[in-house]
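A structural walkthrough
Letter by letter, the chains look like this.
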Amino acid sequence: MTRVAVVGATGVVGRTMLELLSERSFPADEIVLFASSRSAGTEIDGRVVQVLDDSADLSGFDVALFSAGAGTSRDWAARFVDQGAVVVDNSSAFRRDPSIPLVVSEVNPHALARHRGIIANPNCSTMQLMVALAPIHRAVGIERLIVATYQSVSGTGAKAIDELNGQAHASLNGMEMPAPEVYPEPIAFNVIGAAGNFADGDDHTDEERKMMFETHKILEDESIGVAVTCVRVPVRIGHSEAVNVQTREPLSADGARELLADAPGVALENVPTPLHAEGHDEVFVGRIRRDESHPRALSMWIVSDNLRKGAATNAVQIAELLVADRAGSSVA
Ligand SMILES: NC(=O)c1ccc[n+]([C@@H]2O[C@H](COP(=O)([O-])OP(=O)(O)OC[C@H]3O[C@@H](n4cnc5c(N)ncnc54)[C@H](OP(=O)(O)O)[C@@H]3O)[C@@H](O)[C@H]2O)c1
């Protein structure tokens, strides 16, 4: 009997996880949904959402998929683990903890073997970057990355999608745009050149710091230089990235295409777009070309659905590996 808890089930990632569990015929006998007291009485696909509070019954779960923000993960993940569950956490709460594996299912599933109850899912922008770049790193080594992201509003959650829709609707109908609440500036018909928040005294945003740190942890190589600018754009779903990759050994554009054609989770396209990527699990890579300003550098364009591979798909893939391991096959 396999029981799965989905914590944050009413959010954009939580709802996508529920779709994926069903689409992928995840072998769960029971799926229990949890959210905050704001969702008391809510039903999703015939399941009543349970409020995550001290009266909640956390016993008997095999896997708990968390996407309810870092604070909720810090408060509740260990309580699920104490009751016997393995937690796969989408938030940033545990990613920097050296004792907690940070796993992209196609890239470093071997790291699952050392989990002690909690596994961290990477940030959505880092996730798609790793799926596309790990095959190149393995083949020729990566010396330096220069990345500019074009991140969709769904990466900030359901409220941010409402904010984009509300501002766009007002603007298109000749009304005054509602004041921004989620972002510091209006996001409709605009571009915000700093996605994330600035910690005191830091000139990089937390989104940028996540990509720098998580790249090193996932590829197990702290020597890779990572220069990144995270940008928020008025796209509902799907993050895009303009990436310049400086390799240690030479790699031609054709060589990169050959590597990526066979890479798990990657699909090659001429010019992928977020609208096309939406609803798909692949990381789409296009515009692979030689950077003529450097003898060992390539430029490319990487796009993926941040709610799927960037969050929910990877969490469910990890859960599948855990369940398969429990059934007797190896985790990695
Ligand atoms: N969106 C992405 O692309 C993405 C990608 C990777 C990781 N993540 C991470 O995934 C998490 C969720 O993101 P999201 O985009 O799905 O946000 P969201 O749409 O705002 O949903 C947040 C979810 O968390 C629940 N929640 C909030 N406080 C809670 C509490 N105290 N107890 C129980 N449940 C609580 C909410 O329940 P109510 O509806 O009851 O408020 C809702 O289900 C975040 O940590 C985020 O950083 C998101």
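See the structure above.
Summary of the structure given here. (Residues numbered from 1 in each chain as written. Predicted model: local features only at pLDDT ≥ 70, side-chain atom pairs only at ≥ 80, totals over all residues. Heavy atoms only, no water.)

Some remarks on the side chain of Arg95
Along the chain, Arg95 turns up in the loop between β7 (86-89) and β8 (118-120). A distance of 2.8 Å separates a polar side-chain atom of Arg95 from the backbone oxygen of Asn90. Within polar-contact distance, the side chain of Arg95 engages the backbone oxygen of Ser91 at 3.2 Å. Setting aside anything within four residues of it in sequence, one finds Arg95 in contact with Asn90, Leu102, Ala120, Asn121, Pro122, Asn123, Lys210, Phe213, Glu214 and Lys217. (Helix = DSSP H or I, 4+ residues; strand = E, 2+ residues; numbered from the N terminus. Polar contact = N/O pair within 3.5 Å; in protein donor to acceptor, adjacent residues only side chain to side chain. Contact = heavy atoms within 4.5 Å.)

Focus: the sheet that holds strand β1 (residues 3-7)
Ordered by their spatial adjacency, 6 strands build an open sheet running β5-β2-β1-β6-β7-β8, and the pairing between neighbours is parallel. A strand with exactly one partner marks an edge of an open sheet, and here the two such strands are β5 (50-51) and β8. Sheet topology note: the strand β6 (residues 63-66)/β7 ladder contains 4 bridges and is parallel. Bridge assignment links Val63 to a residue of β7, and that residue is Val86. Its contacts with the sheet place helix α1 (residues 12-23) against β1, β2 (30-35) and β6, and it is angled at close to 155° to β1. Taken strand by strand, helix α2 (residues 70-82) contacts β1, β2, β6, β7 and β8, and its axis lies near 175° from that of β6. (Pairing = 2+ DSSP bridges. Axes fitted to C-alpha atoms, helices over the stretch in contact; angles between N-to-C directions.)

Quick word on α1
When the terminal C-alpha atoms of α1 are compared, their 16 Å separation across 12 residues agrees well with the 16 Å that a helix rising 1.5 Å per residue should span. Buried within α1 we find Val12, Val13, Gly14, Thr16, Met17, Leu18, Leu20 and Leu21. Looking at the buried positions of α1, the neighbouring elements they touch are β1, β2, β3 (43-44), β6, α4 (158-172) and α8 (308-326). Ser25 sits one or two positions beyond α1 and adopts a positive phi of about 50°. (Expected span 1.5 Å × (residues − 1). Buried < 20%, exposed > 50% of the residue type's maximum accessible area, 1.4 Å probe, protein only.)

Here's the deal with unusual backbone geometry
Even without glycine at this site, Ser25 takes up a positive phi of about 50°. Assignment of secondary structure puts Ser25 in the loop between α1 and β2. On the accessibility criterion, Ser25 (58% relative accessible area) is exposed. Of note, the phi angle at Asp45 is positive, near 50°, even though the residue is not glycine. For Asp45, a relative accessible area of 68% puts it in the exposed group.

Details of the site of the ligand
Around the ligand sit 26 residues, and of these Thr10, Ser36, Arg38, Ser39 and Ser154 come closest. One of the side-chain nitrogen or oxygen atoms of Ser36 is found 2.6 Å away from an oxygen atom of the ligand. Between an oxygen atom of the ligand and a main-chain N or O atom of Gly69, the distance comes to 3.2 Å. Taken by itself the ligand offers 900 Å² of open surface, and the protein chains cover 78% of this. Per-class residue counts for the shell around the ligand are 10 nonpolar, 15 polar and 1 charged. (Near = heavy atom within 4 Å. Areas by Shrake-Rupley, 256 points an atom, 1.4 Å probe, with all protein chains shown as cover. Nonpolar A, V, L, I, M, F, W, Y, C, P; charged D, E, K, R; others polar.)

Brief notes about the environment of Trp301
Assignment of secondary structure puts Trp301 in strand β14 (residues 297-304). The spatial distance from the C-alpha of Trp301 to the C-alpha of Arg289 is 9.7 Å, given a sequence separation of 12 residues. For Trp301, the side chain forms a polar contact with the main-chain oxygen of Pro272, separated by 2.9 Å.

A word on the sheet that holds strand β9 (residues 142-151)
Remark on secondary structure: sheet strands pair via backbone hydrogen bonds, oriented parallel or antiparallel. Spatial strand order, β10-β9-β11-β14-β13-β12: 6 strands in an open sheet with mixed pairing. Looking at which strands have only one partner, the edges of the open sheet turn out to be β10 (225-232) and β12 (266-268). Direction aside, the axes of adjacent strands within the sheet are offset by 25° on average. In terms of strand pairing, strand β13 (residues 283-290) meets β14 through 6 bridges, oriented antiparallel. In the strand pairing of β14, Val283 is matched with Ser304. Sitting on the sheet, helix α5 (residues 206-219) touches β9, β10 and β11 (239-247), and the angle it makes with β10 is about 145°.

A few points about the environment of Ala113
Turning to its location among the elements, Ala113 is positioned in the loop between β7 and β8. A C-alpha to C-alpha distance of 22 Å links Ala113 and Ala28, two positions 85 residues apart in sequence.

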